[in-house]
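# Descriptive analysis of the structure
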Amino acid sequence: MPTTRRLKLVAEKMGVSVDYLLGREPIEKANLSVPPSKIGSRPAYRVPVASWANAARADGHSEICEFLDEVIDTDCSDPNGFGLIVEGDSMEPRFSAGDRIVVAPNLPARNGQVVVARLAGDAGLLFKLYHATGRDGQVVRLTSYNPVYPPLEFERKQFQYLYAVHSVVRKLV
């Protein structure tokens, strides 16, 4: 649960009330820039977006939200959801530098899904395809769409965090 200070900061940056963030204000009264009817039948949520470099300095989703650069509207209902601005070319041609991804920390990663991960003691982020292998899925194989980057394998316990990617918002060309 975020501190009161963080909660107020997130609400201010997102342009909504603290009551809305806590689920005490219905979406109809929230100040969303995209009405729910424009996003489909699911309700719209607004998530904070951090730059890749700033997110790499954080130890988890609560700290990532301290580095707000912008917000995006999404149908991701994960209360800890956040966005990241993609850097690098390891996931090209499917994802490009500048794309915004919506990350859902409370959803379990599934084989074949794109994830954002950070190894314990490492300052960098990994944006890869997830595959759990080995006994009880304790070996995690991370692969890229770009064939220049070789697959990586780690024991699950080596990760500080491993978050499922919910969706992507393409950068405007």
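Scroll up to find the structure.
Residues numbered from 1 in each chain as written. Predicted model: local features only at pLDDT ≥ 70, side-chain atom pairs only at ≥ 80, totals over all residues. Heavy atoms only, no water.

### Let's talk about the overall build of the protein chain
Which entries qualify depends on this criterion: Only runs of H or I of at least four residues qualify as helices and only runs of E of at least two qualify as strands under DSSP, and these elements are numbered from the N terminus. Summary of the burial criterion: residues with accessible area below 20% of their type's maximum are buried, those above 50% are exposed, and those between are partly exposed, where the area comes from a 1.4 Å probe applied to protein chains only. When checking whether two residues touch, look at their non-hydrogen atoms; a contact exists if any pair is within 4.5 Å. Where accessible areas are quoted, they stem from the Shrake-Rupley method and a 1.4 Å probe; at the residue level, only the protein chains shown are allowed to cover.
Summing up its helical and strand segments, the protein chain has five helices and nine strands in all. Moving toward the C terminus, one meets the helices and strands of the protein chain in the order α-α-α-β-α-α-β-β-β-β-β-β-β-β. Within the protein chain, buried positions represent 42% of all 173 residues. In the protein chain, once contacts between residues fewer than 6 apart in sequence are set aside, the share between residues at least 24 apart is 56%. For the protein chain, the exposed area adds up to about 9500 Å²; of that, 51% sits on carbon and sulfur atoms.

### Examining the pairing of strand β7 (residues 139-143)
Here is the rule: When DSSP finds two or more bridges between a pair of strands, those strands are recorded as paired.
As paired strands, strand β6 (residues 126-133) and β7 are joined by five bridges and run antiparallel to one another. By the bridge assignment, Thr133 is partnered in β7 with Val139. Here β6 folds back onto β7, and the loop between the two strands holds five residues, one of which, Gly134, carries a positive phi near 75 degrees. Two elements, β7 and strand β8 (residues 152-155), share four bridges in a ladder whose sense is antiparallel. Following the sheet pairing, Val139 is matched in β8 by Glu155.

### Side note on the side chain of Thr74
Heads up, the condition is: Whenever a nitrogen or oxygen atom comes within 3.5 Å of another N or O atom, the pair is scored as a polar contact, on the condition that within protein one atom can donate a hydrogen and the other can accept it, and that pairs from neighbouring residues in sequence are kept only if both atoms are in side chains.
When you line up the elements, Thr74 lands in strand β2 (residues 70-74). Exposure remark for Thr74: the relative accessible area of 4% places this residue in the buried category. There is a polar contact of 3.1 Å between the side chain of Thr74 and the backbone nitrogen of Cys76.

### Digging into the pattern of salt bridges
Counted only if it meets this: Salt bridges are identified by distance alone: a Lys or Arg side-chain nitrogen within 4 Å of an Asp or Glu carboxyl oxygen.
Counted by the stated rule, this structure contains two salt bridges. Two residues, Arg141 and Glu153, come together in a salt bridge whose shortest N-O distance is 2.7 Å. Here Arg141, found in strand β7, pairs with Glu153, found in strand β8; they are 12 residues apart in sequence, far enough to count as distant. Assessed through its relative accessible area of 49%, Glu153 is described here as partly exposed. The salt bridge involving Glu155 is made with Lys157; its shortest N-O contact spans 3.4 Å. A residue is classified by how much of its surface remains accessible, and Glu155, at 41% relative accessible area, is partly exposed.

### Some points on the nonpolar core
Stated precisely, the cut-off is as follows: Definition used in this section: a nonpolar core is a set of buried Ala, Val, Leu, Ile, Met, Phe, Trp, Tyr and Cys residues joined via side-chain atoms within 4.5 Å.
Counting residues in each nonpolar core, the largest one holds 16 residues, and the members touching the most others are Leu84, Ile101, Val103, Val114, Val116 and Phe127. If one sorts the elements of this core by residue count, strand β9 (residues 159-169) sits on top with three residues.

### Observations concerning the packing of aromatic side chains
To be explicit about the condition: Classification of ring pairs rests on two measures: the distance between centres of Phe, Tyr or Trp rings, Trp counted by its six-membered ring, which must be within 6.5 Å, and the angle between planes, read as stacked under 30 degrees, edge-to-face over 60 and tilted in between.
Inspection of the entire model under this criterion finds five aromatic pairs. Here Phe154 and Phe159 contribute two aromatic rings whose centre-to-centre distance is 5.6 Å and whose plane-to-plane angle is 75 degrees, an arrangement assigned as edge-to-face. Taking relative accessible area as the criterion, Phe154 reaches 15% and is therefore assigned buried. Judged by centre distance (4.6 Å) and plane angle (10 degrees), the rings of Tyr161 and Tyr163 are stacked. The burial state of Tyr161 is the same as that of Tyr163; both residues are buried. By the ring-pair criterion, three or more aromatic residues cluster together here, those being Phe82, Tyr161 and Tyr163.

### Topic: the environment of Tyr161
In this structure, Tyr161 sits in strand β9. The exposure class assigned to Tyr161 is buried, which follows from its relative accessible area of 5%. In this structure, the C-alpha to C-alpha distance between Tyr161 and Leu119, residues 42 residues apart in sequence, is 7.0 Å.

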